[in-house]
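# Structural features, examined
The primary structure of each chain is shown beneath.
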Amino acid sequence: MKRRDFFKTAAAGVSIAALGSGKAAGSDKKLSEDRVGVLVDTNACVGCRHCEWACKTAHQLPASDLENFNDSSVFSEYRRMDAGSLTVVNEFENEENKLLPVHVKIQCMHCERPACVSACIVGAFEKREDGAVVWDSGKCIGCRYCMVACPFQIPTYDYDKAIQPMIRKCDFCVERRDNGMLPACVDICPNEALIFGKREELVRIARQKVKRKSDAYINHIYGESEVGGTSWMYISGNDFGKLRMPPLALNPAPGISESIQHGIFAYFVPPVTLYALLGVMMWVTKRRKDEINNNGNGNQDGKEGGK
Amino acid sequence: MIPAPVKHKFLTPGVFVLIIIALNGLVFLALRFIFGIGSVTNLDDVTPWGLWIGVDVAAGVALAAGGFTSAALGHVMHREEYKIIVRPALLTAMLGYTFVAFAVFTDIGRFYYIWHPLIMWNGNSALFEVGICVMIYLTVLYIEFLPLVTERFVGRVNLPDTFAFLNRPIDKTLRYLDSRLSITMFIFIIAGVVLSTLHQSSLGTLMIIAGQKMHPLWQTPILPLLFLLSAIAVGFPMVIFESLIASRSFKMKPEMHVLSRLGGMISPIIGIYLAFKIGDVFIRETFKYILVFDSTSWMFISEMGLMFAAFFLFLSRKITNSPLGLFIASSLVIAGVLLNRINNFIVAYQPYYNPVRYFPSVGEISVTLGCIALLVLAYRAVVMIFPVISREKRDIIKNI
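Residues numbered from 1 in each chain as written. Chains lettered and ligands numbered in written order. Predicted model: local features only at pLDDT ≥ 70, side-chain atom pairs only at ≥ 80, totals over all residues. Heavy atoms only, no water.

### Comments concerning a nonpolar patch on the surface
Residue and element names in this part refer to chain B. This is how it is decided: Here a patch means residues that are over 30% exposed by relative accessible area and free of salt bridges, tied together within 9 Å if like-charged and within 5 Å if nonpolar (Val, Leu, Ile, Met, Phe, Trp, Tyr). Surface accessibility in these figures is a Shrake-Rupley result with a 1.4 Å probe; residues are shielded only by whichever protein chains are displayed. Salt bridge, as applied in this entry: a Lys or Arg side-chain nitrogen positioned within 4 Å of an Asp or Glu carboxyl oxygen. Each helix corresponds to a stretch of at least 4 residues labelled H or I by DSSP, and each strand to a stretch of at least 2 residues labelled E; elements are numbered beginning at the N terminus. To sort residues, take the accessible area from a 1.4 Å probe on protein chains only and compare it with the maximum for the residue type: under 20% means buried, over 50% means exposed, and anything in between is partly exposed.
On the surface, V17, I21, F359, I365, L369, I372 and V376 cluster together into a nonpolar patch covering about 580 Å² of accessible area. Secondary structure elements with two or more residues in the nonpolar patch: α1 (13-35) and α15 (362-385). Among the elements that make up the nonpolar patch, the one with the highest residue count is α15 (four residues). Tracing the chain through its elements places L369 in helix α15. A relative accessible area of 44% means that L369 is categorised as partly exposed.

### Description of the side chain of E52 of chain A
Residue and element names in this part refer to chain A. Quick reminder of the rule: Under the rule applied, a polar contact is a pair of N or O atoms within 3.5 Å (in protein, one hydrogen donor and one hydrogen acceptor; residues adjacent in sequence only if both atoms are side-chain atoms). We call two residues in contact whenever any of their non-hydrogen atoms come within 4.5 Å of each other.
Tracing the chain through its elements places E52 in helix α2 (residues 50-58). The class of E52 is buried, set by a relative accessible area of 3%. A polar contact is formed between the side chain of E52 and the backbone nitrogen of V89, at a distance of 2.8 Å. Residues in contact with E52, not counting those within four places in the same chain, are F69, R79, T87, V88 and V89.

### Observations concerning the sheet that holds strand β8 (residues 194-198) of chain A
All names here are of chain A. Just so we agree on the cut-off: Strand pairing is assigned whenever DSSP detects at least two bridges linking the two strands. Note on definitions: angles span 0 to 180 degrees between N-to-C directions of axes, and those axes are lines fitted to C-alpha atoms, for helices only across the stretch in contact.
Taking strand neighbours across the sheet as the criterion, the three strands line up as β8-β1-β9 in an open arrangement whose pairing is mixed. Edge strands, defined here as strands with exactly one partner in the open sheet, are β8 and β9 (232-235). Each strand of the sheet is rotated relative to its neighbour by a mean of 25°, with strand direction disregarded. Helix α7 (residues 199-212) contacts β1 (36-41), β8 and β9 of the sheet and is inclined by roughly 130° relative to β8.

### Comments concerning the nonpolar core
To be explicit about the condition: In plain words, nonpolar cores are sets of buried Ala, Val, Leu, Ile, Met, Phe, Trp, Tyr and Cys residues tied together by side-chain atoms within 4.5 Å. For each domain, the first and last residues come from an automatic or database assignment.
Residues Y145 of chain A together with F145 and I270 of chain B are the most contacted members of the largest nonpolar core, which totals 185 residues. The biggest single contributor to this core is helix α6 (residues 126-153) of chain B, with 15 residues. Split by domain, the residues of this core number at least three in each of domain 1 (25-255) and domain 2 (261-295) of chain A. Setting aside anything within four residues of it in sequence, one finds I270 of chain B in contact with A233, M307, A310, F311, F314 and V333 of chain B. Listed in part, the ten residues of the second largest apolar core include A206, Y217, I221 and M233 of chain A.

### Observations concerning the packing of helix α2 (residues 51-63) of chain B against helix α4 (residues 83-107) of chain B
All names here are of chain B. For clarity, the threshold we go by: Between 65 and 115 degrees an angle is taken as roughly perpendicular, under 35 as roughly parallel, over 145 as roughly antiparallel, and anywhere else as oblique. When the near helix sits turned anticlockwise from the far one by under a right angle, the crossing is termed left-handed; a clockwise turn instead gives a right-handed crossing. Side-chain classes are defined by residue name, with Ala, Val, Leu, Ile, Met, Phe, Trp, Tyr, Cys and Pro counting as nonpolar, Asp, Glu, Lys and Arg as charged, and the others, Gly among them, as polar.
Where α2 contacts α4, the axes come no closer than 9 Å and their chain directions differ by 155°. Classed by the angle they form, the pair α2 and α4 counts as roughly antiparallel. Seen along the crossing, α2 lies across α4 with a hand that is left-handed. Between α2, through W52, I53, D56, V57, G60 and V61, and α4, the contact on the second element is made entirely by Y97, F99, V100, A103, V104, T106 and D107. Classifying every residue of the contact of α2 with α4 gives nine nonpolar, two polar and two charged.

### Some words on the domain arrangement of chain A
When its domains are assigned, chain A resolves into domain 1 (25-255) and domain 2 (261-295). Look at where the C-alpha atoms of domain 1 of chain A and domain 2 of chain A centre, and you get two points 51 Å apart.

### Description of the pattern of salt bridges
All names here are of chain A. Scanning the entire structure with this criterion turns up 26 salt bridges over all chains. Ionic pairing is found between R79 and E52, a salt bridge with its closest N-O pair at 2.5 Å. Of this pair, R79 sits in the loop between α2 and β2 (88-92) while E52 sits in helix α2, placing them 27 residues apart in sequence. As far as burial versus exposure is concerned, R79 and E52 are alike and both buried. Ionic pairing is found between R113 and E258, a salt bridge with its closest N-O pair at 3.6 Å.

Written out as structure tokens, the structure reads:
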């Protein structure tokens, strides 16, 4: 809390910014109690990459035949999402059992308090009531501030397109789900490595699994409270740092940037006050200047002023 | 002392060099608009913002701060003796912000949607605030410049034959504008100062949302304050720097009586900035990162070193009374603030997954240099057409 106090005193000194810093931010939109999520169990994932194929197919991205996705040579290097993929699976060495590598699927985590939603200049991102974070191409101006803001480095951008480049990331298959289907990756997963359900429920399942098989899982549900919680959560037998999941603090991703914004702009009070102050200053100094000029011009009125 | 258009040859060897640099930049700019951002920049999904945002936008906004600091001094506080710097500073700000707006236009992927923030609002976004403030401020700057246009052309509108019929209506419009503006100008002047205070600080808020992706030496909740203070600190040095270059280039005597006094005000401002910066290092206990002495820590040390050097130089009377001393000291502040913006937006951005350290491409550097060259050329052209730079009456008559 030391940090915040320091900020407050400091900001108050310049622009009375502390006025409204307690105001709740707009992205605190009410989330449904029934909002959904996915629990990824890396112990159950076999790295078949069928989810990658299903995702591409569901989102009309170019994909080769499903059989080609069994090729495990792609695991030789760590991969990230790009303009042609919204999810990828990576392979890591298993510390518990060298013969059995760990596979980790990555995609947008659908944060509870998303930084992209907070940051986007035109509000092209939206946190839906059901938990999904979606992007609206009709608004986006391509500034890539969402990519700067995202703590998981998820959104990708079409760098080689001059016209209508897209920001891409997992959309939690909102279209499919609106039609009563499961997310494509969950649907195809042969091994129950991806469990879809109410977020609340998933946290309970994850805790049970971790507790019941404490030798197989480390006691950490990644995403339960990182950056204020995410819709996608992970359990694993390996330390998440080893699986290249970023070690993140527990405060919501937008951090204090929203408080600062709302502090500076608290109902436009600070800017208007500054405006008024400057106006008064301008008027006073003008009068003084005029008085000095009048006296300097040999005006012998001899009233107050002049000195 | 009255402002008047500078009478001088436009083309000199230096100007030719600038034109070549500008043309080179325009070539890469064309490529960017034909083949996309990836074709000329080193930007990728890991590093979405680079030189164009760090230097053209962030540093550009800071270096154009002379516009509002000198407007505050000359107009709001009515310090008559500084009036002669207000117009050059206004021109710098006007061209500087035009350049910033153009840089944004170049950097955003869907440049044709640049107007979206006007109708699609997100009050939580620092970028939205910066965008809106910069748009309004740019308009205010153009309005503030209008009196120079009316002053120059009222009673002197003389278009070639084909358009001669427009002479009267244009003259009338200018006269009308002139009469309206003289009554209402104070509204815009104060608005300019308020808008600048807002977006200079919000520019600092921008990177806060990057959270742990930003190196702890720079990631601090007082970033908006540091950005505002450093912008104020670099305002007058930039005015001095330009005034000295203009005097030299146009073979005029430098305005030392004003510039020296202006120089005397700079150390206290830098002092306050440095006090906050150092206080921040101690309160957040980030000095351990300085003592690592890797490339990141050296960037921080350089940025601080430049500001410290400038702080001490500006304290000395000897320095502020000599054109060379003033020039060097001002350059140090400019370099310090430029480096600070580069550090904040480029060096400090070290995300968790970061396989290749970003360095700007030839294309990015060319576009940035090209834009700066265009800016200097535009400045030169404007001061030769409009009454921006003030001189003694007899010098003006002699020159004509």
